[in-house]
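# Chain and residue survey
Next come the chains, spelled out residue by residue.
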Amino acid sequence: MIIGIDVGGTHADGVRLEGEDVVAKKKVDVDHNNLKETIITLLKALLPENRADLQRIQLSTTLCTNAIIKNQLDDVGMFIQAGPGMNPEFLNCGRHTYFQSGALDHRGQVQRAPSEKEILAAASTLRAEGINSIGVVTKFSYRNNTHELWMRDRLADRFSHISMGHRLSGMPNFPRRVYTTWLNSGLMTRFSAFKAAMEEGLRSLDINCPCSILKADGGTIPFASGCEFPCQSIHSGPSASVMGALALYKDLKDTVLLDIGGTTTDISIFADGVPLLEPYGATVAGRPTLIRALQTRSIGLGGDSRTAWRNGTFIIGPENGGPPMSLGGTSPTPTDAMVLLGQLHIGSVEKAREAMRLLDPSRSAEETAAALLHCFAEKAHDAATEMLDEVFQRPVFTVSALLEREKIQPNQLIAIGGPAAAMQGYLTKRFGLDCIVPQDYEVANAIGAARARLTLQASLYADTKSGRLSIPECSISEPTGRNFTMMAAETRLASAIQTMAANMGMGEIPPIDIIERLEMNTVSGFSTTGKIINVKAQLRPGLANVKE
Amino acid sequence: MPKAPNSVGLVLFPAFDWCISPSHPEREERLLYTKDQIIEEGLEDVGNIRFFNPELALEEDVNRVHLCVPSARRLLTDSHFISAGGAIRAARAVFDKEVEKAFAVVRPPGHHAMQTVFGDRGFCVVNIEAIMVEYIRRHYGIRKIAIIDTDCHHGDGTQDIFYNDPDTLFISLHQDGRTLYPGSGFLHESGGPSAPGYTINIPLPPRTSEEGFDMVMDRVVLPVLDDFGPELIINSAGQDNHYTDPITNMNFTAQGYARLNRNLNPDICVLEGGYSIEGALPYTNLGIILAMAGLDTSHVREPDYDPDMLRQSAETSRYIADICSQARQLYHDRDIMRQQFLDRKTVVENKQLFYDTTGFHVNETRTYHLCPQCPGYTEVSSGGRNRHLQAFCIPFNSCRTCQTAARDRFARTPKAHDIMIVLQDRVADIYEKK
């Protein structure tokens, strides 16, 4: 049995699954000041009689997302080695940023050593200011982590938390690496405290099964590892709902998922049944990161969007217009149109009629309402189309990839959230696709959390001329022979991923996908000197197999 | 993330699966480190910088510019259509107002490809800038265009294609042809009879450094541009003037390329050569992009950059100053030079072209049919590798009389089994073969 819990903005939902079946469910209000208590209350209601039947607990929590929104991050001392390139001054990680000398180049070759004097001077200042969390990042550390390790070694005995860029992602993109490292460090204290509280709570309930948390990429990470990478638990809410859709509908091919709320609509896409990931990572508090995340596009369009009729068109959103008039508000919203047309059975129909008249006095209220909901569907459709275009337009770098790329043509639509049922007909018409509106979707988020499995991504970079290969995500840097091949690289990377997964407690390891292969001869003068081999592989987001 | 003052589109297409041959300078690896640097810098996230995939140029885009023997389809690979399509995509991004400026970082390059194409010359089969220029003229009605070629090798292909067009100002800065491929690009090659002074070659001595390029910019390029008043400025942005380039002998730098582009302020850049793929291209390309975007370039320095080691001699400076004043004079005298040809009906030029990649010669005769109203039409007769071509080419800016004359000549030329007879009509946008 598995317990899945999804902590949302106002409610927290939990389910207990036996195989794929929900055998218990519970909803409680969320106390954001004491998340642990909220979770423990849910657990008490969901625990099986025999504790030993419980295989694991999986948790999607708003802890880190909220800490970021409420600006409750630790002050972080950032050590940044930028080397040649863009002026790094724009990197905004708070007041304690120290740019370090030293440089690595694009091949990971050391061009200039870092300075011991600089780093020690900065460390003393940070100690004096009471800073405890440190982030260490160099440009190109995904090619060569030695400078990050060198800096860590000089700081390790003076500070309690040190996050290093190369451990958080093997992807390129230096500013994102900096921001990811900064966030990760800033979340350390809060996450550790939460973990300690949870562990105590679980002990008090006599629970000793493994506990994982949901990540932004639709996968899970064990609580223990989460402590090293707390940033990965941001945006777990949207990923719970995507995984929920995956759990509820077996045969998702190319699907658009619309999560329609009061203020925003979140759009996600499945291609051949697999949710799409951001090319690099999530954007958090306006900063791009390398936190692997499902791709979601959020638009300011919802049931309570501020609505106006101007020059023959509706303007809906992006801001929230307060409660709908049918529920006692003062300005018209799409919800009023739904109420008037009998699609939503809440509030006052008369007030809803008044709202539509206010919007456009020249037509009947019913006509206005229908036109408004058409326009709502139109905007959702435009945003989804734009998102599909963007996915299609992601940069490619080879002739074959350019010639072979294909646009995703969705074959169905799933709409969830409060206004979803009311919008079903309009969405079906506008998208020209079947639109499914599942019932009782909040529970689906918890099911999604319960059914998610461990995900991992790692990349291998080998430069046979320099005779080294690296897998940054697990700090592997080892010698390699001149005759190293792509096949050997794939095997090496797969075994590294298996080791990482096993260390995180995953028993049965699902197939490893190779998601990128690049092999290229390096030439000096007119003769081949070696090969660069770059492979990226993942345990893709998906559902854990359930044993009946 | 920072937001660039100028919006810039990047068509970054390294074609990792295409090469001339595995150890050729034009090989898969060429833009690997450039791409790595650009991606690691996070340019995809910088506000106002947008990435575009290239599109495939169409055969008609190629035929608008080139006379391919036997045909474009036979001579070009997908990569060539993509590289030309990358330049076109950059232009569309600018003219469709998606961005203010654009840079096509694509390969293979094109500036050695001449109007007639029998094969690969100097790593180029088709001239991607020229294809872009005529695409722009066709689709956006732009007339006056300036192309500044800052590749270390003379842009002989681009010169050849626009040689007789007074609406295209072509300025090439390059290492002196006596010391480097393709061996041309001297001051006296200054434009055809209808466009004298509109081709300006600046042959620079080996080891020219930042100050030399600055001098050419200040004394020739910027004032001439100012006078010409183009609607569009294109930089053929080859980067092999770099001090680490393995096949040239110059001392230019990333800082220099960035400054040159900031001063030139081109609307569109198209990558040409540049074969120091590790030590130069990642930095020079980044410098050019940041300069176009109006962002700070002061940190874009090669790891071993030392301006004191790269100073040019006083003699070199004097030599370049002299070249600059001669070049200015040529442009200044352009109307006088044009007068000399006004009483002539035709001017005939012969040349022999060497296709270095596979190694064969083509003999070409070009007859300019002059006209006092327009640049006239051109007749091209060319042969090599047992293939022959006779073509009548109507430029986009020709008058009705010349258009009719060229079309008549084409119609009256009898079909022959061993000669490809072509009408290339840029006014009607027709390419006809018989």
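As a starting point, this report considers the structure included with it.

What counts and what doesn't
- Residues numbered from 1 in each chain as written.
- Chains lettered and ligands numbered in written order.
- Predicted model: local features only at pLDDT ≥ 70, side-chain atom pairs only at ≥ 80, totals over all residues.
- Heavy atoms only, no water.
- Helix = DSSP H or I, 4+ residues; strand = E, 2+ residues; numbered from the N terminus.
- Rg over C-alpha atoms; globule rule 2.2 N^0.38 Å.
- Buried < 20%, exposed > 50% of the residue type's maximum accessible area, 1.4 Å probe, protein only.
- Contact = heavy atoms within 4.5 Å.
- Areas by Shrake-Rupley, 256 points an atom, 1.4 Å probe, with all protein chains shown as cover.
- Lys, Arg positive; Asp, Glu negative; His and termini not counted.
- Charge placed at Lys NZ, Arg CZ, Asp CG, Glu CD.
- Expected span 1.5 Å × (residues − 1).
- Bend = angle between axes of the 7 residues up to and from the residue.
- Salt bridge = Lys/Arg side-chain N within 4 Å of Asp/Glu carboxyl O.
- Phe/Tyr/Trp six-rings, centres within 6.5 Å; stacked < 30°, edge-to-face > 60°.
- Axes fitted to C-alpha atoms, helices over the stretch in contact; angles between N-to-C directions.
- Parallel < 35°, antiparallel > 145°, perpendicular 65-115°, else oblique.
- Left-handed = near helix turned anticlockwise from the far one by under 90°.
- Nonpolar A, V, L, I, M, F, W, Y, C, P; charged D, E, K, R; others polar.
- Buried area = accessible area lost by both parts, 1.4 Å probe.
- Polar contact = N/O pair within 3.5 Å; in protein donor to acceptor, adjacent residues only side chain to side chain.
- Disulfide = S-S within 2.5 Å.
- Pairing = 2+ DSSP bridges.
- Right-handed = clockwise from strand over helix to strand, strands pointing away.

### Points about the overall build of chain A
For chain A, the count of helices and strands is 15 helices and 27 strands. Computed over C-alpha atoms, the radius of gyration of chain A comes to 25 Å, within 12% of the 24 Å expected from 2.2 N^0.38 for 548 residues, which places it in the range of a compact globule. The C-alpha extent of chain A, read off along each of the three principal axes, is 75 × 60 × 50 Å. Burial statistics for chain A: of 548 residues in total, 58% are counted as buried. At a minimum sequence separation of 6, the contacts of chain A that also span at least 24 residues come to 65%. If you sum the accessible surface of chain A, you get close to 21,900 Å²; carbon and sulfur atoms cover 48% of it. A gap of 5 Å separates the mean positions of the 54 positive and 58 negative side-chain charges of chain A.

### Considering helix 7 (residues 210-228) of chain B
What sets the pattern is the α-helix's 3.6 residues per turn: residues three or four places apart point alike. All names here are of chain B. For helix 7, spanning 19 residues, the distance from its first C-alpha to its last is 25 Å, which sits close to the expected 27 Å at 1.5 Å a residue. M217 marks where helix 7 bends most, by close to 40°. Buried residues along helix 7 sit against strand 6 (145-149), strand 7 (168-175), strand 8 (199-204), strand 9 (232-237), helix 8 (254-264) and helix 10 (314-332). In the segment just after helix 7, G229 is the residue with positive phi, at about 65°.

### Some details on helix 5 (residues 128-140) of chain B
All names here are of chain B. Compared with the 18 Å implied by 1.5 Å per residue over 13 residues, the 17 Å span of helix 5 between its first and last C-alpha is a close match. By the criterion of burial, helix 5 is predominantly enclosed, with ten of the 13 residues buried. When helix 5 is considered as a whole, its buried residues turn out to be I128, E129, A130, I131, M132, V133, E134, Y135, I136 and R137. G141 sits one or two residues past helix 5 and shows a positive phi near 65°.

### Side note on the pattern of salt bridges
Residues and elements named next belong to chain B. Scanning the model with the defined rule gives 55 salt bridges over all chains in all. Note that D227 is salt-bridged to R334, the shortest N-O span being 3.1 Å. Taken together, the residues span a long stretch of sequence, with D227 in helix 7 and R334 in helix 11 (residues 334-341) at a distance of 107 residues. Looking at D227, the relative accessible area reads 47%, which means it is partly exposed. Since its relative accessible area comes to 15%, R334 is described here as buried.

### Thoughts on the packing of aromatic side chains
In total, this model carries 15 aromatic pairs over all chains according to the counting rule given. Relative to F194 of chain A, the ring of F191 of chain A has its centre 6.3 Å away and its plane inclined at 65°; by these criteria the two rings are edge-to-face. Placement of the pair is F191 of chain A and F194 of chain A together in helix 6 (residues 174-204), with a separation of three residues, close to one helical turn. The exposure class assigned to F191 of chain A is buried, which follows from its relative accessible area of 1%. With 6.3 Å between their ring centres and 85° between their planes, Y198 of chain B and Y331 of chain B make a pair best called edge-to-face. Of the two residues, Y198 of chain B is situated in the loop between strand 7 and strand 8 and Y331 of chain B in helix 10; the sequence distance between them amounts to 133 residues. For the residue pair Y198 of chain B and Y331 of chain B, the accessibility class agrees, reading buried in each case. Counting every residue linked through ring pairs, the aromatic cluster contains F191, F194 and F223 of chain A.

### Topic: the packing of helix 7 of chain B against helix 8 of chain B
All names here are of chain B. Look at helix 7 against helix 8: their axes get within 11 Å of each other, and the N-to-C directions meet at 15°. Considering their axes alone, helix 7 and helix 8 lie roughly parallel with respect to each other. Handedness of the crossing formed by helix 7 with helix 8: right-handed. Side by side, helix 7 and helix 8 meet where E210, F213, D214, M217, V221, L222 and L225 of the first sit next to Q255, G256, R259, L260, N263 and L264 of the second. Classifying every residue of the contact of helix 7 with helix 8 gives seven nonpolar, three polar and three charged.

### Points about the interface of chain A and chain B
At the interface, 47 residues of chain A touch 45 residues of chain B. Taken over both partners, the interface formed by chain A and chain B buries close to 3,900 Å², and the fraction arising from carbon and sulfur atoms is 60%. Contact with chain B buries surface across chain A, with M86, H106 and F397 of chain A losing the most and accounting together for 19% of the total. The tally of links between chain A and chain B comes to five salt bridges. Counting across the chain A and chain B interface gives 26 residue pairs in polar contact (both at pLDDT 80 or more).

### Some remarks on unusual backbone geometry
Residues and elements named next belong to chain B. For the peptide bond that leads from V69 to P70, omega is 5°, which places it in the cis range. Structurally, P70 is set in the loop between strand 3 (67-68) and helix 3 (72-75). In this structure, the amide linkage connecting Y181 to the following residue, P182, adopts the cis form with an omega of -5°. Considering the arrangement of structural elements, one finds P182 in the loop between strand 7 and strand 8.

### Focus on the state of the cysteines
The tally for this structure, following the rule as stated, stands at zero disulfides over all chains. Cysteine C211 of chain A shares no disulfide, and the gap to the nearest cysteine sulfur, in C209 of chain A, comes to 7.0 Å. C324 of chain B takes part in no disulfide bond, and the closest cysteine sulfur to it belongs to C152 of chain B, at a distance of 16 Å.

### Section: the pairing of strand 10 (residues 161-164) of chain A
Residues and elements named next belong to chain A. Judged from the four bridges that link them, strand 9 (residues 133-138) and strand 10 form a sheet pairing that is parallel. Pairing of S133 across the sheet is with H161, part of strand 10. Read as a crossover between parallel neighbours, the route from strand 9 over helix 4 (residues 146-155) to strand 10 is right-handed.

### Side note on the sheet that holds strand 10 of chain A
Residue and element names in this part refer to chain A. Read from one edge of the open sheet, four strands run 6-5-9-10, paired in parallel fashion. One side of each edge strand has no neighbouring strand; the edge strands of this open sheet are strand 6 (97-100) and strand 10. On average, each strand axis in the sheet is inclined to that of its neighbour by 15°, with strand direction left out of account. Across six bridges, strand 5 (residues 76-81) lies against strand 9 in parallel orientation. Across the sheet, residue Q81 finds its bridge partner in strand 9, namely T138.

### Structural notes on the sheet that holds strand 27 (residues 527-539) of chain A
Residue and element names in this part refer to chain A. Pairing in this open sheet of five strands is antiparallel, and the strands run 25-24-23-27-26 from one edge to the other. Of all the strands in the sheet, just strand 25 (476-479) and strand 26 (513-524) have a single pairing partner and so form its edges. Taken pair by pair, the neighbouring strands of this sheet meet at an average axis angle of 10°, ignoring direction. Relative to strand 27, helix 15 (residues 486-503) is tilted by about 35°, and along the sheet it contacts strand 23 (456-463), strand 24 (468-471), strand 25, strand 26 and strand 27.

### Quick notes on the side chain of T62 of chain A
All names here are of chain A. With respect to the helices, strands and loops of the structure, T62 is situated in the loop between strand 4 (56-60) and helix 2 (63-69). On the basis of relative accessible area, T62 is assigned to the buried category, the value being 15%. Setting aside its immediate chain neighbours within four residues, T62 contacts V7, G8, H32 and L35.

### Comments concerning the environment of L47 of chain A
All names here are of chain A. Assignment of secondary structure puts L47 in the loop between helix 1 (35-46) and strand 4. According to the relative accessible area criterion, L47 is buried, its value standing at 12%. Considering only alpha carbons, one finds L47 and K536, 489 residues apart in sequence, at a separation of 40 Å. Excluding residues within four positions of it along the chain, L47 makes contact with I3, R16, L54, L205 and I207.

### Regarding the packing of helix 10 (residues 349-359) of chain A against helix 11 (residues 365-392) of chain A
All names here are of chain A. Direction vectors running N to C along helix 10 and helix 11 enclose 80°, while the axes themselves pass 8 Å from each other. It follows from the interaxial angle that helix 10 and helix 11 lie roughly perpendicular. Within the contact between the two elements, helix 10 uses R353, M356, R357 and L359 and helix 11 uses A365, E366, T368, A369 and L372. Residues of the contact of helix 10 with helix 11, tallied by class, amount to five nonpolar, one polar and three charged.

### A short note on the environment of I147 of chain B
Residues and elements named next belong to chain B. Structurally, I147 is set in strand 6. You can call I147 buried: its relative accessible area is 0%. As for I147 and I233, which are separated by 86 residues in sequence, their C-alpha atoms are 6.1 Å apart. Apart from residues lying up to four places away in sequence, I147 is in contact with V133, T158, F162, T168, L169, F170, I171, I234 and S236.

Keep in mind these values describe shape, not function.
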